[in-house]
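# Fold and contact review
Each chain, letter by letter, is given below.
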Amino acid sequence: MSRVKLADAASPLALSLDIGSSSARAALYDARGRRVRKTAAKVEHRFLSTTDGGVTADAEALSDRVIESIDETLARADARTGDVEAVGCSVFASSIVGVDAAGAALTPVYTYADVRSAADAAALRQEWNAAALYDRTGCPLHASYLAPRFRWLARTQPELLASVNRWVSFGEFLYGRLFGRPCGLGVSAAAWSGLLDRRTMDWDLTTLGALEIEADALGRIDMENAPVRGLAPAWAERWPALAEAAWFPAVGDGVASNVGTAETDKAAVVVNLGTSAAVRAVVPGPVTAVPQGLWEYRMSPDRSLLGGALTDGGNMVRWVAELTELGPAKGWDGLVEDLPPDDHGITLLPFLSGERSPGWDDQARATIHGLRRNSRAEELLLAGMEAVTYRLTRIYDLLSDELPPSHSVTLSGGGFRRSRVWAQMVADAFGRPATRSAAIEATSRGAALWALAQIGAIESWAAVDQLGGETLTPSAERGAVYRAAMERQERLYRRMASAGDLADA
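Below you will find a few notes about this structure.

What counts, and where the lines are drawn
Residues numbered from 1 in each chain as written. Predicted model: local features only at pLDDT ≥ 70, side-chain atom pairs only at ≥ 80, totals over all residues. Heavy atoms only, no water. Pairing = 2+ DSSP bridges. Helix = DSSP H or I, 4+ residues; strand = E, 2+ residues; numbered from the N terminus. Axes fitted to C-alpha atoms, helices over the stretch in contact; angles between N-to-C directions. Buried < 20%, exposed > 50% of the residue type's maximum accessible area, 1.4 Å probe, protein only. Patch = residues over 30% accessible without salt bridge, like charges linked within 9 Å, V, L, I, M, F, W, Y side chains within 5 Å. Areas by Shrake-Rupley, 256 points an atom, 1.4 Å probe, with all protein chains shown as cover. Salt bridge = Lys/Arg side-chain N within 4 Å of Asp/Glu carboxyl O.

Here we take up the sheet that holds strand S6 (residues 48-49). Read from one edge of the open sheet, three strands run S6-S7-S10, paired in antiparallel fashion. On the outer flanks of this sheet lie S6 and strand S10 (109-110), each paired with one strand and no other. Strand direction decides the pairing type here: S6 and strand S7 (residues 55-57), joined by two bridges, are antiparallel. Bridge pairing in S7 links Ser49 to Val55.

Taken in spatial order, the seven strands make up an open sheet running S18-S19-S17-S16-S22-S23-S24, and their pairing is mixed. What marks the edges here is a single partner per strand, and that holds for strand S18 (295-300) and strand S24 (469-472). Averaged over all adjacent pairs, the angle separating strand axes in this sheet is 25°, with direction ignored. Bridging between strand S17 (residues 277-284) and strand S19 (residues 303-310) involves eight bridges; their strand directions are antiparallel. Across the sheet, Arg280 pairs through a bridge with Gly307, a residue of S19.

Moving on to the pairing of S18. Residues in a regular strand project their side chains so that they alternate between the two faces of the sheet. With six of its six residues buried, S18 lies for the most part within the structure. Here S18 pairs with S19 via five bridges, running antiparallel. Across the sheet, residue Glu296 finds its bridge partner in S19, namely Leu306.

The subject of this paragraph is the pairing of S17. Of all eight residues in S17, seven are buried, a share of seventy percent or more. In terms of strand pairing, strand S16 (residues 268-273) meets S17 through five bridges, oriented antiparallel. Across the sheet, the residue bridging to Val269 is Ala281, located in S17. Taking the residues between adjacent antiparallel strands as the criterion, S16 and S17 are bridged by three residues.

Next up on the list: a nonpolar patch on the surface. Taken together, the side chains of Trp319, Leu323, Leu352, Ile368 and Leu371 make up a nonpolar region of the molecular surface, amounting to roughly 440 Å² of accessible area. Turning to its location among the elements, Leu323 is positioned in helix H11 (residues 314-323).

Set out below in structure tokens:
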């Protein structure tokens, strides 16, 4: 990824905030989309997991981590802080926290990976017209979205639900703390809730009525994604350079990743592989009909993000590596590169945290089938990489049918950056040339580019420093092996889905 020295950075500068599942990052980018050297800060945090499927974060503690990263980046920016005109922010998708009238957190931050509402999602699929909701919102009834979560809270913690004044995304919570008022709800954050009407770009009142949730409790959606200005006095004193900067409402991490990786005015598929994984494309929106298995998240009045995601991507394979003591990800290629594809006979379902796209089975569980006495640890590692690839390929097959044949494919994220073998595997399974992007921290870059474009500092993709990358040519022979193995995985998937919860047997 292109970088530039602080002294050579082209003004105006943008501060990027990238709030992910394992860290809060801040960095400066210049008007050509180049990261300013030695300004990046990374403060680690962890989601809190419980044995019943809960995956949450502490709102105050997480916002403290973000503030710490801003402090560090501004300290490194030194005399150039006055050139910061915009702030872009990306936040992990489907975050929600209940607050009181003063904006203080009453609940943890519930995340997309929290599956405690799985039973409620199943109940709602029986009670409601699930197909109609899918058509209105572009999102299915699934534990990663808010309708089942509200039903779960009403069932398990009704007093807590009743005590909440407003429900906000984590980006709104952060901005509320910094600006001292409710603000910062952009279109993409609202869309990721599963409660946005994708055609009107306002709250889906049919669903809210069924949940007995008032629209005012979710806040006003800024359809234009307009900037917020005027930090609260204490923060303006702490960060004078940011006091009147244009802080743009947080966008979903998927939007930021695509914006930071590929041109959004052309048909471009971005496959991101990090802790989770996703296959996405920016398309004119709203689409006529959302393909079964995908989602549509509106991101502006004329554009949408269409695609699908896996909760378990790189973390599935990391789990295998830790279990078998095979070591860190940077060494995986050396362990598997000489192994023939799918020669191990192992079929793996990569669902440590349930399934999102394309089957949306939040009761799905990770399954390993086909182990033999002579199965080796590195074969299980390869099987994990292949298993995630097969799920990504199923999403791609659905998405590519909605795009022109000329669409490009770009592979982004730490998983592909560390493993060329995995990147080639995806190109082979897709049966399409794919560029292994040179972008480092594409989501961070995308948040900055989003903000710079909004203030008019970047007029087109051509004005942005081009990243390049290695183009991988697919092997038809390996692709045929992977496609056959995909069908074997699908047969196991169907059998395990029909087995039900074995714990209750």
